[in-house]
Each structure stands twice: as structure tokens, then as C-alpha cells.
Amino acid sequence: MSTAYKTISLSIITLLIIITSGCGSANYAPLDVVDSVDINRYLGKWHEIARLPNSFQEGCYCTTAEYTLNDDNSISVRNECREDSPSGELDYADGTAYIVEGSNNAKLKVSFFWPFKGDYWIIELDEAHYKYAVVGTPSREYLWILSRTPVMDKQLYDQLVEKANAKGFDVSKLIITDQSCFKGAL
């Protein structure tokens, strides 16, 4: 499948997911987020360590997300992954994130296809060094464990999984992301 075709497919699938999952977070049990996020420290590249399964990332390896601040204080998002193997063709999806007012930057709305936006809630964060984060949605359908490096200490990973489980996520379905295309990830 060509990158252009997969990018279009990824955008359409993302749109459908956002339409069905982002419609009213008030229908779900409360989901606690971190107290506050320093957006400038959060910016930059994150490696996906694990995720709950979702159709728009099927066949993705070496997944990263990169965040940059725009002049209007929105955040540019670029999600990248290798298609079907660690040496596969690079695929990407570009979007824009908007900070939810009153959330101390811990809740964002992300759009990969205007005008639809999905929840991006930061539920765990290394507040001292910004080396790891856990992002989820109030529906508990989506969850990502992120790190500044392609490898995470097993003990830390287990602690983050335990915290996500306590918040109501089905961690038995977590997929560990193959990051072997990055030097030192094996």
C-alpha cells in the first residue's frame, strides 16, 4: 500500500474513531489527569512504548509522536510509524492539538481531520524530568504509554501499567510497541 494511500486511509479511520469516541466524555466515569503540564517541556519527540489496540495504528512499528508549538498556541502533532515491519516504509499523520481551557494543560483536543477532535488526556507524567507520560481517553478505549527514549525500564513500565489499570483501562490488551529500528532499542 502506498504511503499517500495509507495516510489518507489513516486520516479517514482516525476521523471515524474521533467521531465515535470523542462525543461527550461526560458519559464516562471520571478520569483523573495530572495536576498541570508545562507545555514547553512536553513538546518534542516521544516514543510509543505500548498502546491499546486501535485500527489506525494497525501494522505500525517504531511509532513516535512529535509536538511543536504554533504561533497561535495550538500544537502541531506528527505521528510516525514504520509500515508492517521495523524496516518498512515511513508513514505519518499530521494534526493539531488544542489545550482544553481550565485543565492546566493536562487535557487536549486533537484533530487530524477538521472539524472533528478527540480527547488526549495526560493521566501520568514524570513531572520532574518529563521522561515518560501516559495518555488516555475518558472512554478508556485508547491508551498510550510514551517515553523520550525508545526503551523504558521494566519496573517503571509495570508501575505505569498498574496505575492505568487502577484508572479502569483494560491493560490485558496492551500491545508493546516494537521500537527495534531505533539504535539501542533491542
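Everything that follows concerns the structure shown earlier in this document.
Being a predicted model, the structure only gives us computed values, none of them experimental. (Residues numbered from 1 in each chain as written. Predicted model: local features only at pLDDT ≥ 70, side-chain atom pairs only at ≥ 80, totals over all residues. Heavy atoms only, no water.)

### Here we look at the side chain of D126
Counting through the fold element by element, D126 comes out in the loop between β6 (116-125) and β7 (132-136). No salt bridge is formed by the buried D126, whose closest oppositely charged neighbour, K131, lies at an N-O distance of 6.1 Å. Among the polar contacts listed, one links the side chain of D126 to the backbone nitrogen of K131, at a separation of 3.2 Å. Setting aside chain neighbours within four positions, we find D126 in contact with K131 and Y132. (Helix = DSSP H or I, 4+ residues; strand = E, 2+ residues; numbered from the N terminus. Buried < 20%, exposed > 50% of the residue type's maximum accessible area, 1.4 Å probe, protein only. Lys, Arg positive; Asp, Glu negative; His and termini not counted. Salt bridge = Lys/Arg side-chain N within 4 Å of Asp/Glu carboxyl O. Polar contact = N/O pair within 3.5 Å; in protein donor to acceptor, adjacent residues only side chain to side chain. Contact = heavy atoms within 4.5 Å.)

### Remarks on helix α3 (residues 154-166)
Over its 13 residues, α3 runs 18 Å from end to end, which matches the ideal 18 Å to within 8%, given 1.5 Å per residue. All of the buried residues in α3 are Y157, L160, V161 and A164. All buried residues of α3 project into a common sector of 100° when viewed along the axis, lining one side. For α3, the exposed residues set more than 90 degrees away from the buried face come down to Q155, E162 and A166. Capping the start of α3 is the job of one residue whose side-chain oxygen sits 3.1 Å from the backbone nitrogen of Q155: D153. Looking one or two places after α3, you find G168, whose phi comes out positive at around 100°. (Expected span 1.5 Å × (residues − 1). Arc of directions from axis to C-beta.)

### Considerations on the environment of S76
Along the polypeptide, S76 turns up in strand β3 (residues 75-83). When its relative accessible area of 24% is taken as the criterion, S76 is described as partly exposed. Sequence spacing of S76 and L43 is 33 residues, and the spatial spacing of their C-alpha atoms is 9.6 Å. Ignoring any residue separated from it by four or fewer positions in sequence, one finds S76 in contact with E66, Y67, T68, N70 and G95. A distance of 2.8 Å separates the side chain of S76 from the side chain of N70, its partner in a polar contact.

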